[in-house]
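Residue-level structural notes
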Amino acid sequence: MVTKIWSSCMPKPSSSPNRVERHHFYLCQWQSSTQVGICYLLYRLIVAIVFLAMLVCSVLDIGRAEPMFEHHYAKWWIYLTHWALLACTIQAWLAAIIVTKGLMIDRNEFEWNIHVARESRLHSVYWIAYTIATVYSFIVTIVYWMFVYDPSKNRVDAVNLMVHVLNSIIMLIDLTIVGHPIKLNHAYWTTGIGVAYALFSIVYYLAGGTDRHNDSSIYKMLDWTKPGKSIVICALGIFAVFLMHFLCYCLYCLRVWLYARVCVQGNNSKSSSNEKITSITRTLSSMEEAQRENFLNPTAVVDLK
């Protein structure tokens, strides 16, 4: 088990698990066909619209009941909650664009080969944004309700519920539906965001910045007037991000295991052995190299290093 985890964190160049078949990004985990589904596209569009609405409500304080101070709109961007919400919105719209283009490719509405290089970059950006959004949605929800929420200061209004509850619900549903993997060795993206936010909070404090209530610290638990405590909090927070990334990876493995047990073994009498292997390996990273379907150019891969 330890060897497998280590191999996933430190892949060999000859068999890098960073290379994922492109059509994983077009298909739902639970669909049986290799055609881009209209229902899946509608789901992606609905999620994108919902996240955009959440972002607009958060920025403009639509549905917020908390009392505000002067210039509070200009301080929207200083919160990790809003960084995560922005990542959720970006990945949702990129996913909608990718699946839409996948449907067009599947129906031969434009030439695939012309778009290979550009599509690879688009898929990589989406993959990064999706991983960050998934991990930090859960982190934001857990940390906020356990350590940040103060009934005397924070009100449970529509905006609060959207950015601290609904975001995690949507990303959890998404994690059970999408056809592409979560990679352990992509933890440097999620932990890197944690390091970046810690450095930002230091710089913001030294520059004399305040939160939306004109307090000297962005979060009470991250008070740089007490640097020793804040450094420990940052270190523990970054470690918690890695643990959450690992948990998301485990949920991805569980999703693929359930797919193999429920959808594949349930159709033993109807499927040949080759078809069963193809179905299982559509998203399972350890078996991806065994799949070579003639769908959306099977030699085209997304390589995220």
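- As annotated in an unreviewed UniProt entry, the protein chain is Protein rolling stone from Anopheles epiroticus.

Observations concerning helix 2 (residues 38-60)
- With 23 residues, helix 2 should reach 33 Å at 1.5 Å per residue; the first-to-last C-alpha distance of 33 Å fits that figure.
- Buried within helix 2 are the following residues: Y40, L41, Y43, R44, V47, A48, F51, M54, L55, C57 and S58.

Description of the UniProt feature "transmembrane region" (unreviewed entry) in the protein chain
- Here, the residues flagged by UniProt with the feature "transmembrane region" (unreviewed entry) are residues 41-63, 83-104, 125-147, 159-179, 186-207 and 230-252.
- This span, residues 41-63, is 87% helix and 0% strand, and a straight line between its end C-alpha atoms measures 29 Å.
- The distance separating the terminal C-alpha atoms of residues 186-207 is 32 Å; by composition the span is 91% helix and 0% strand.

Here's the deal with the pattern of salt bridges
- For the structure on display, the rule yields five salt bridges.
- Notably, a salt bridge pairs R64 with D61, separated by 2.5 Å at the nearest N-O pair.
- Relative accessible area serves as the criterion here: at 12%, D61 is assigned to the buried category.
- Between K153 and D211 there is a salt bridge, with the nearest N and O atoms lying 3.8 Å from each other. Remark: D211 occurs in the loop between helix 6 (187-206) and helix 7 (227-264) and K153 occurs in the loop between helix 4 (116-148) and helix 5 (158-177); sequence separation between them is 58 residues.
- Using a relative accessible area of 30% as the deciding quantity, one classes K153 as partly exposed.
- One network of salt bridges, in which partners are shared, links D61, R64 and R212.

Thoughts on the packing of aromatic side chains
- As enumerated under the stated definition, the model contains 18 aromatic pairs in all.
- Consider the rings of Y40 and Y43, whose centres lie 6.2 Å apart with planes at 20°: the pair is stacked. Of this pair, Y40 and Y43 both sit in helix 2, separated by three residues, roughly a single helical turn.
- For Y40, a relative accessible area of 7% gives the class buried.

Thoughts on unusual backbone geometry
- The phi dihedral of D61 is positive, around 60°, even though this residue is not glycine.
- Inspection of the secondary structure puts D61 in the loop between helix 2 and helix 3 (80-106).
- Phi angles above zero are rare outside glycine, and N214 is one such case at about 65°.

Considering the environment of L172
- You can see L172 is positioned in helix 5.
- Judged by relative accessible area, L172 falls into the partly exposed class, the value being 40%.
- Sequence separation of L172 and S137 is 35 residues, and the distance between their C-alpha atoms is 9.0 Å.
- Here L172 is in contact with F138 and L251, once residues within four sequence places are set aside.

A short note on the state of the cysteines
- For the coordinates displayed, the defined rule picks out zero disulfides.
- Between C253, a free cysteine, and C250, which holds the nearest cysteine sulfur, the sulfur-to-sulfur gap is 6.3 Å.

Regarding the nonpolar core
- Counting 67 residues, the largest nonpolar core has F51, Y126 and I218 as the members making the most contacts within it.
- Breaking this core down by element, the ones donating at least two residues are helix 2, helix 3, helix 4, helix 5, helix 6 and helix 7.
- It is helix 3 that contributes the most residues to this core, 13 residues altogether.
- Not counting residues up to four positions away in its chain, the partners in contact with Y126 are F25, Q91, L94, A95, I98, V178 and H180.

Some details on the side chain of D211
- Under the relative-accessibility criterion, D211 is labelled buried at 3%.
- A polar contact of 2.9 Å, which involves the side chain of D211, links it to the backbone nitrogen of N214.
- The contacts of D211, once residues within four sequence positions are left out, are K75, I78, Y79, K153, S217 and I218.

Definitions and cut-offs
Sequence positions are assigned chain by chain, starting from 1 and proceeding in written order. Restriction of local features to residues with pLDDT of at least 70 applies here, the model being predicted, together with a cutoff of 80 or more for giving and counting side-chain atom pairs; totals for whole chains, interfaces and linings are based on all residues. Processing note: side-chain calculations cover all non-hydrogen atoms of the structure and skip hydrogens and water entirely. In this description a helix means any DSSP run of H or I spanning at least four residues, a strand means any run of E spanning at least two, and both kinds are numbered starting from the N terminus. Expected helix span is given by 1.5 Å per residue-to-residue step, counting one fewer step than there are residues. Note on classification: 1.4 Å probe, protein chains only; a residue is buried when its accessible area is under 20% of the maximum for its type, exposed when over 50%, partly exposed between these limits. UniProt positions are given in the numbering used here, feature names are shortened, and annotations may be inferred rather than shown by experiment. Put simply, a salt bridge is a Lys or Arg side-chain nitrogen that is within 4 Å of an Asp or Glu carboxyl oxygen. For Phe, Tyr and Trp, where Trp contributes only its six-membered ring, two rings pair if their centres lie within 6.5 Å, and the inter-plane angle classes them as stacked under 30 degrees, edge-to-face over 60, or tilted in between. What makes two residues a contact is simply this: any of their non-hydrogen atoms within 4.5 Å. Cysteine sulfur atoms are paired as a disulfide whenever they come within 2.5 Å of each other. Residues belong to one nonpolar core when they are buried, are Ala, Val, Leu, Ile, Met, Phe, Trp, Tyr or Cys, and are joined through side-chain atoms within 4.5 Å. Contacts described as polar in this section are N or O atom pairs within 3.5 Å, which, within protein, must combine one atom able to donate a hydrogen with one able to accept it, while residues neighboring in sequence count only if both atoms come from side chains.

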